[in-house]
Amino acid sequence: MQTGYLDHLRTVLADIEAQGLMKRERQITSPQGGQVTVAGAGGQRQMVNLCANNYLGLADHPAIADAAATALEQYGFGMASVRFICGTLDLHRELETAIARYLGKDDAILFAACFDANGALFETLLSEDDAIISDSLNHASIIDGVRLSKAKRYRFQTSDMDDLETQLKQAVADNARFRLIVTDGVFSMDGYIAKLPEIRALADKYGAIIAVDDCHATGHLGPEGRGTGALTGAEPDIITGTFGKTLGGAMGGFITGPQAVIDLLRQRARPYLFSNALAPAVTAGSLRAIEIARGADDLRQKLTDNTRTFRQRMGELGFDLLPGETPIIPVMLGEATLAQNLAAALDRRGVYVAGFFFPVVPKGKARIRTQMSAALSAADIDFAIGAFAEAGKEVGIL
Ligand SMILES: *Cc1c(COP(=O)(O)O)cnc(C)c1O
């Protein structure tokens, strides 16, 4: 390797460490759940988990594991092919049909991850004659996907409808042939819900298509868990989503929408054409997860109850929370080191949280993003709140 290159990388790493921005991964030795077993220097410990995207607690659901095990037996481990060569199973088409029906669209197409779905969407569907108008807080995969496309790019301040209108007018003035507005359905770092009815009204006024990334909504938000469109009554034209969060939490992404959109993606989307088909077990498990999520009003109620309790009691303790109703509850701390210190103080008390700081959130907006789950019992929530009260005093913010 060229002289000095690894030294250069070590300098970059030392800088990350010096700024208090180093991310360290803890190792879990149990299934994902409301409580997890975590390996550490002193052996294994049981911890209450407040940072999984396991909103309905389906990640270790026995019926989903059974469906996956049955598929493993019937179809084997992997496909060793992309979809269009010899990688399409009957199961893949069943999953595509199921997600499209669930979300009320014509058809759907699977990807290895929603990161890939967002990487596929814009480049395939839009050309240099077109315009993409993107919310400033959109997920990294949307930002990267937009970069891959040749379309003209416009950015509006997050959820600022005046700015969205300004950008739409500009796109019209610039003679963009087609205009596509893209937004997260629920913003992953803040937990805010996109203003879809207002976005719909502006889209109709200026003739634009709406694409929503509903990764933090599909399965748990809205009637039957059908996401932000169903919750707000303003349906997006195209939805991208994941099987890696509420819907079983394994992996895989999708795009669902009008038939022509899906048909063209199947012909042209590079992350689809040049990447392996979803494993049979993951496909079958996700299929079962949709069925379970759709009927899981009881789990959705538990998630809502946990969310309300946690928000209320953390607010009463004096923590600075971003307001909202979603199970993403950010505890705002400001500096990265404070977020790290509070996370460490919680860790010592058996609560598993993650500090989020630059580059995941803006500088000076470090936070602990807590996430509620139907897998958390009332006792788990009590335990976590008690730990926050003590840890907050220890780091000097309460
Ligand atoms: C998690 C997430 C993704 C990525 O999904 P994967 O399937 O894990 O790649 C994309 N967009 C948003 C908004 C997300 O929250």
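As the structure is a prediction and not an experimental result, all values here were calculated from the model. (Residues numbered from 1 in each chain as written. Predicted model: local features only at pLDDT ≥ 70, side-chain atom pairs only at ≥ 80, totals over all residues. Heavy atoms only, no water.)

> It is not clear to me how helix α8 (residues 196-206) should be interpreted in this structure. Could you clarify?
The α-helix winds at 3.6 residues per turn, so residues separated by three or four positions along the chain end up facing the same way. L196, I199, R200, L202, A203 and Y206 are the residues of α8 that are buried. Packing partners of the buried residues in α8 comprise α7 (161-173), β7 (179-184), β8 (208-213) and α9 (228-232). A positive backbone phi angle near 65 degrees is found at G207, which sits one or two residues after α8. (Buried < 20%, exposed > 50% of the residue type's maximum accessible area, 1.4 Å probe, protein only. Helix = DSSP H or I, 4+ residues; strand = E, 2+ residues; numbered from the N terminus. Contact = heavy atoms within 4.5 Å.)

> Just checking my understanding: could you explain the site of the ligand for this structure?
Near the ligand you find 13 residues, and of these C114, D213, H216, T242 and K245 are the closest. F115 places a main-chain nitrogen or oxygen 3.0 Å from an oxygen atom of the ligand. Note that an oxygen atom of the ligand is positioned 2.7 Å from one of the side-chain N or O atoms of T242. Look at the ligand: alone it shows 380 Å² of surface, and the protein chains cover 84% of it. Of the residues forming the shell around the ligand, the biggest block, 3 residues, is contributed by helix α5 (residues 114-125). (Near = heavy atom within 4 Å. Polar contact = N/O pair within 3.5 Å; in protein donor to acceptor, adjacent residues only side chain to side chain. Areas by Shrake-Rupley, 256 points an atom, 1.4 Å probe, with all protein chains shown as cover.)

> Explain the environment of E25 here, please?
Positionally, E25 belongs in the loop between α1 (5-18) and β1 (27-28). Expressed as a C-alpha distance, the spacing of E25 and A354, which sit 329 residues apart in the sequence, is 9.9 Å.

> Which parts of the structure should I look at to understand the layout of surface pockets?
If you roll a probe as big as a water molecule over the atoms, it shows you where there is empty space left. Looking at the largest pocket, its volume works out to about 880 Å³. In this structure, the largest pocket is lined by 33 residues; those nearest its centre are R24, R26, Y352, V353 and A354. Counting only elements with at least two residues in the lining of the largest pocket, the list comes to α14 (336-348), β13 (355-356) and β14 (366-371). In terms of residue class, the lining of the largest pocket is built from 14 nonpolar, 11 polar and 8 charged. Roughly 440 Å³ of internal volume is contained in the second largest pocket. Lining the second largest pocket are 20 residues, and of these L137, M189, V360, V361 and P362 sit closest to its centre. (1 Å grid on protein atoms, 1.4 Å probe; cavity = no way out; pocket = protein on both sides within 12 Å on 5 of 7 lines; lining within 4 Å. Points joined across faces, edges and corners; volume = space filled by probe spheres on them. Nonpolar A, V, L, I, M, F, W, Y, C, P; charged D, E, K, R; others polar.)

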